[in-house]
Amino acid sequence: MENKTKTKKTTTMNLTTGEPLRVILLFALPLFLSNIFQQLYNLTDISIIGHALGDDALSAIGSVSIICGFFNSFLFGMGSGLSVVISKYFGAGDEKKLKRAIANTLFIAAIWGAVITLTGIISLKPLMKMLHTPESIFDMAYSYASIILSMLIFSFSYNVLSGMLRAIGNSKAPLYFLIISVTINISLDLLFVNILKMGLSGAAKATIISQAICVTICFLYILKYVPELHITRKDMKISHSMILELFSSGVAFSLMYCVVNFGTLILQGAINSFGEVTIAAHTTARKISELCMMVLSTLANSMATFSGQNHGAGRYDRIKKGLKQILLFSFGIATLLIIMIYSLGNLMVRGISGSSTPELINTAMFYLRVDLPFYYVLAVILITRTTLQGMGAKFVPIAASIMELGIKAFTAGYLAKKMGYTGIALCEPISWLVCAIYILIVFAYTIKKYTQTRQTSTLN
């Protein structure tokens, strides 16, 4: 009994007690470090490819990265949605439903992963043509993307397993697995690209191998150290009500991410029409922007688990207090990010792209200078949206994503033609402003409704 108690203390974290800001930040720190390592890998990967293979290889990745991201968003979204349901039952202390949710999660994940992977492989070439991928880099880009898409199962499996760990409050273990994965990935990048001269396909293979190792280690860890996630044969019964709850939550997340990425996919077509230098510049700027967004998205992902557990426990007062504290904290982070990019952005663009082309550097910096000041608005969207998702809101994030899709379609069809790359740079700030207003209004209504329902049930 003593060993079991000790295991629970080291592998789970209850977010329904303690000062909200403190427990959220403690939970978020490993997530933040995980994202740091992931983004550092992404930047290192781009840097290795840019220095070893040149601007054409960088443009090739940029032209198909949104396609890979689009299909990966279906998988990442499903994993996130499934983990929210698990966190709810963990917060409620309902062990029977927790185990049933885990078993049904594995069933859904197996089918969903196979369908999305197959769809991605079949539609890759048509999508590349639709996005006007330049002929000079088409074959190179196709070779890279086809390898990544054919092995999405590894990244998806890791997302599902690590999502389960985070749902029960364990954000440390996924950090350790990611460190191992990133170290292997960078080492294989240097071996395959620099030494063995395998080109972009070598970089893709390095990614796949490291992901396969990562998910294997994660599975073995859960098997040995996390009894909360162990299931027995009696748990492995297909429950129609549980399947519906899990699948609807997963689909809601998937639709949110894929609608956003579909808008970006449309936008990429407009970007590709500006030529290879602009593609490379935008790719570099987006990598830097994603590095900056990582801090805000980490806080947002932490709020999903925090609100999920507290939703299960009926602690809506804690959800409201935690949201206010994290938003104020995120505004301070946004201020530091803006100062950093305006001061050191040029050096970052040069270092990541490996290019000294003035047009590339100036274009990338223009995008960043327009984008960063709106991070205060982005923080409101990301953190409030995931808080709603943790509380079981399914339609709201999708509606906000549809708004963003409409604005991106308008940008690609009108602003980009009238204003050139300036229209591209203005797209996200405009969409963020519109979505932030909508999400804040809905959150105020939702938290009031849940609080009143809780008070009524308590009185009864």
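What counts as what
For every chain, the first residue of the written sequence is number 1, and numbering continues from 1 along that sequence. Under the rules for a predicted model, residues below a pLDDT of 70 receive no local features and side-chain atom pairs below 80 are neither given nor counted, while totals for whole chains, interfaces and linings still include all residues. In computing side-chain values, all of the structure's heavy atoms are included and hydrogens and water are not. Counting from the N terminus, the helices are DSSP H or I runs at least four residues long and the strands are E runs at least two residues long. Here's how the labels work: a residue is buried when its accessible area is under 20% of the maximum for its type, exposed when over 50%, partly exposed in between, all with a 1.4 Å probe on protein chains only. Between two residues, a contact is recorded if the distance between any of their heavy atoms is within 4.5 Å. A patch consists of residues whose relative accessible area exceeds 30% and which take part in no salt bridge; residues with like charges are grouped when within 9 Å of each other, and nonpolar side chains (Val, Leu, Ile, Met, Phe, Trp, Tyr) when within 5 Å. To be clear on the numbers: accessible area is Shrake-Rupley with a 1.4 Å probe, and residue cover counts the displayed protein chains and nothing else. Note on definitions: salt bridges are taken to be side-chain nitrogens of Lys or Arg within 4 Å of carboxyl oxygens of Asp or Glu. All axes are obtained by fitting lines to C-alpha atoms, using only the stretch in contact for helices, and the reported angles, taken between N-to-C directions, cover 0 to 180 degrees. In this scheme, roughly parallel covers angles under 35 degrees and roughly antiparallel covers those over 145, while 65 to 115 is roughly perpendicular and the rest are oblique. Left-handed describes a crossing whose near helix is turned anticlockwise from the far helix by less than a right angle; the clockwise case is right-handed. Three categories are distinguished: nonpolar for Ala, Val, Leu, Ile, Met, Phe, Trp, Tyr, Cys and Pro, charged for Asp, Glu, Lys and Arg, and polar for the others, with Gly belonging to the last. Put simply, a disulfide is two cysteine sulfurs that come within 2.5 Å. Among buried residues, those of type Ala, Val, Leu, Ile, Met, Phe, Trp, Tyr and Cys that are joined through side-chain atoms within 4.5 Å constitute a nonpolar core. Two aromatic rings from Phe, Tyr or Trp, using only the six-membered ring of Trp, form a pair when their centres are within 6.5 Å; if the ring planes differ by under 30 degrees the pair is stacked, by over 60 it is edge-to-face, and anything between is tilted. Consider the ring centre and the ring normal. A charge sits over the ring if Lys NZ or Arg CZ is within 6 Å of that centre and within 35 degrees of that normal.

A. Fine view of unusual backbone geometry. The phi angle at histidine 132 is positive, at roughly 60°, despite the residue not being glycine. Tracing the backbone shows histidine 132 in the loop between α4 (95–130) and α5 (135–150).

B. Region of the structure containing the side chain of threonine 363. Its place among the elements puts threonine 363 in helix α12 (residues 358–371). The buried category is assigned to threonine 363, whose relative accessible area is 14%. Those residues within four positions of threonine 363 in sequence are excluded, and the remaining contacts are Ala281 and Tyr421.

C. Summary view of a nonpolar patch on the surface. Together, Phe107, Ile111, Val115 and Ile238 give the surface a local cluster of nonpolar side chains, amounting to about 360 Å² of exposed area. When you line up the elements, phenylalanine 107 lands in helix α4.

D. Spotlight on the packing of helix α7 (residues 172–195) against helix α8 (residues 199–225). Following both chains from N to C, one finds α7 and α8 inclined at 155°, their axes separated by 8 Å at the closest point. As the angle between them shows, α7 and α8 are arranged roughly antiparallel. As for the relative orientation of α7 and α8, their crossing is right-handed in sense. Of the residues contributing to the contact of α7 with α8, the split by class is 16 nonpolar, seven polar and two charged.

E. Structural view of the packing of helix α11 (residues 316–353) against α12. Direction vectors running N to C along α11 and α12 enclose 135°, while the axes themselves pass 10 Å from each other. Judged by the angle between their axes, α11 and α12 are oblique. For α11 against α12, the interelement crossing comes out right-handed. When α11 is examined against α12, the residues Ile341, Tyr342, Gly345, Asn346, Val349, Arg350 and Ser353 are found in contact with a partner set consisting of Leu360, Ile361, Ala364, Met365, Leu368 and Arg369.

F. Fine view of the environment of methionine 164. Secondary-structure assignment places methionine 164 in helix α6 (residues 152–167). In contact with methionine 164, not counting residues within four places along its chain, are Ile86, Ile102, Thr105, Leu106 and Leu229.

G. Representation of the state of the cysteines. Scanning the entire structure with this criterion turns up zero disulfides. This cysteine, cysteine 214, is not joined by any disulfide, and cysteine 218 carries the nearest cysteine sulfur, 6.7 Å off.

H. Quick peek at the nonpolar core. Counting 147 residues, the largest nonpolar core has Ile67, Leu165, Leu368 and Tyr375 as the members making the most contacts within it. Top element by residues in this core is helix α3 (residues 55–92). It accounts for 18 residues. Excluding its chain neighbours within four sequence positions, the residues that come into contact with isoleucine 67 are Leu124, Leu127, Met128, Leu131 and Leu265.

I. Looking closely at the packing of aromatic side chains. Under the counting rule described, the total for this entry stands at nine aromatic pairs. Between phenylalanine 177 and tyrosine 221, the ring centres sit 5.4 Å apart and the planes meet at 70°, which makes this aromatic pair edge-to-face. A residue pair is termed long-range when its members are at least 10 positions apart, and phenylalanine 177 in helix α7 and tyrosine 221 in helix α8 qualify at 44 residues. With relative accessibility at 6%, the residue phenylalanine 177 sits in the buried group. Centroid distance tyrosine 375 to tryptophan 432: 6.0 Å. Interplanar angle 70°. Geometry classified as edge-to-face. Residue tyrosine 375 is found in helix α13 (residues 375–390), and its partner tryptophan 432 is found in helix α15 (residues 421–459); the two are separated by 57 residues along the sequence. There is no split in this pair, since tyrosine 375 and tryptophan 432 are both buried. The rings of Phe70, Phe71 and Phe74 are connected pair by pair, giving a single aromatic cluster. Positioned above the aromatic ring of tyrosine 142 is the side chain of lysine 125, whose terminal nitrogen or guanidinium carbon lies 4.6 Å from the ring centre.

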